[in-house]
Amino acid sequence: MKSDLLISKKILYPIAIFGLVFTAFSVTLNLESLGIPFDMGLILIYSGLFANFLASVILIVDVFKNNLSSKYIWTLSFLFLGALSGLFYLRNRDQYLANVN
């Protein structure tokens, strides 16, 4: 039984990309050197983390609703890698759902 995502792919892709970009910026770059004030940098970082959390929760729910055989592995990858594995899953979601009993 294939069920739809809680949020459409058209909305979930930008959420995951936003989370990935601003989480990566917080780790690799000092946003103050780019002319972004410290407080605004914190807002961008927290909103990126929230976007990662939101994408991960939606995709974990999707994996369990569709009863994938590797649902625990996907859950761990969503928890540890966040939007990076989320984008990979979204890109290949139809292929994974074709293998569901």
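A brief look at the structure comes next.

1. What to know about the packing of helix 2 (residues 38-65) against helix 4 (residues 83-91)
Following both chains from N to C, one finds helix 2 and helix 4 inclined at 45°, their axes separated by 9 Å at the closest point. By the angle between their directions, the pair helix 2 and helix 4 is classed as oblique. For helix 2 against helix 4, the interelement crossing comes out left-handed. Where helix 2 abuts helix 4, its residues Asn52, Leu59, Asp62 and Val63 lie against Ala83, Gly86, Tyr89 and Leu90. Of the residues assigned to the contact of helix 2 with helix 4, the class counts are 5 nonpolar, 2 polar and 1 charged.

2. Some points on the nonpolar core
As a rule of thumb, soluble globular proteins bury nonpolar side chains together. Counting 19 residues, the largest nonpolar core has Leu12, Leu59, Val63, Leu68, Trp74, Phe78 and Tyr89 as the members making the most contacts within it. Breaking this core down by element, the ones donating at least two residues are helix 1 (9-28), helix 2, helix 3 (71-81) and helix 4. When residues of this core are assigned to their parent elements, the largest contribution, 6 residues, is made by helix 2. If sequence neighbours within four positions are ignored, Val63 has contacts with Leu68, Lys71, Trp74, Phe78 and Tyr89.

3. Details of helix 1
In this model helix 1 runs 28 Å from its N-terminal to its C-terminal C-alpha over 20 residues, within 8% of the 28 Å that 1.5 Å per residue would give. Residues Leu12, Ile15, Ala16, Gly19, Phe22 and Thr23 constitute the buried set of helix 1. Seen from one end, helix 1 has its buried residues packed into an arc of 145°, which puts them on one side. Residues of helix 1 that are exposed and point more than 90 degrees away from the buried face comprise Lys10 and Thr28. Against the buried residues of helix 1 lie helix 2 and helix 4. The opening residue of helix 1 is Ser8, an N-cap whose side-chain oxygen sits 3.1 Å from the backbone nitrogen of Lys10.

Analysis parameters
Throughout, a residue's number is its position along its own chain's written sequence, starting from 1. This being a predicted model, a pLDDT of at least 70 is required before a residue's local features are given, and a value of 80 or more before pairs of side-chain atoms are given or counted; all residues contribute to the totals for chains, interfaces and linings. The basis for the side-chain values is all heavy atoms of the structure; hydrogens and waters are excluded. Working convention: axes come from line fits to C-alpha atoms, limited for helices to the stretch in contact. Angles between N-to-C directions cover 0 to 180 degrees. What counts as a helix is a DSSP run of H or I of at least four residues, what counts as a strand is a run of E of at least two, and both are numbered from the N terminus. Any angle that falls under 35 degrees is termed roughly parallel, while one over 145 is termed roughly antiparallel, one within 65 to 115 roughly perpendicular, and all others oblique. By definition, any crossing whose near helix is turned counterclockwise from its far helix by less than a right angle is left-handed, and any crossing with a clockwise turn is right-handed. Between two residues, a contact is recorded if the distance between any of their heavy atoms is within 4.5 Å. Residue classes follow a fixed rule: Ala, Val, Leu, Ile, Met, Phe, Trp, Tyr, Cys and Pro count as nonpolar, while Asp, Glu, Lys and Arg count as charged, and any other residue, Gly among them, counts as polar. Put simply, a nonpolar core is a bunch of buried Ala, Val, Leu, Ile, Met, Phe, Trp, Tyr and Cys residues held in one set by side-chain atoms that sit within 4.5 Å of each other. Burial classes: relative accessible area under 20% of the type maximum marks a residue as buried, over 50% as exposed, and values in between as partly exposed (1.4 Å probe, protein chains only). Each helix should span, by expectation, one fewer than its residue count multiplied by 1.5 Å. Read the arc as the range of directions from the helix axis to the C-beta atoms. Counted as a polar contact is a pair of N or O atoms within 3.5 Å, where, for protein atoms, one must be capable of donating a hydrogen and the other of accepting one, and residues adjacent in sequence contribute only when both atoms are in side chains.

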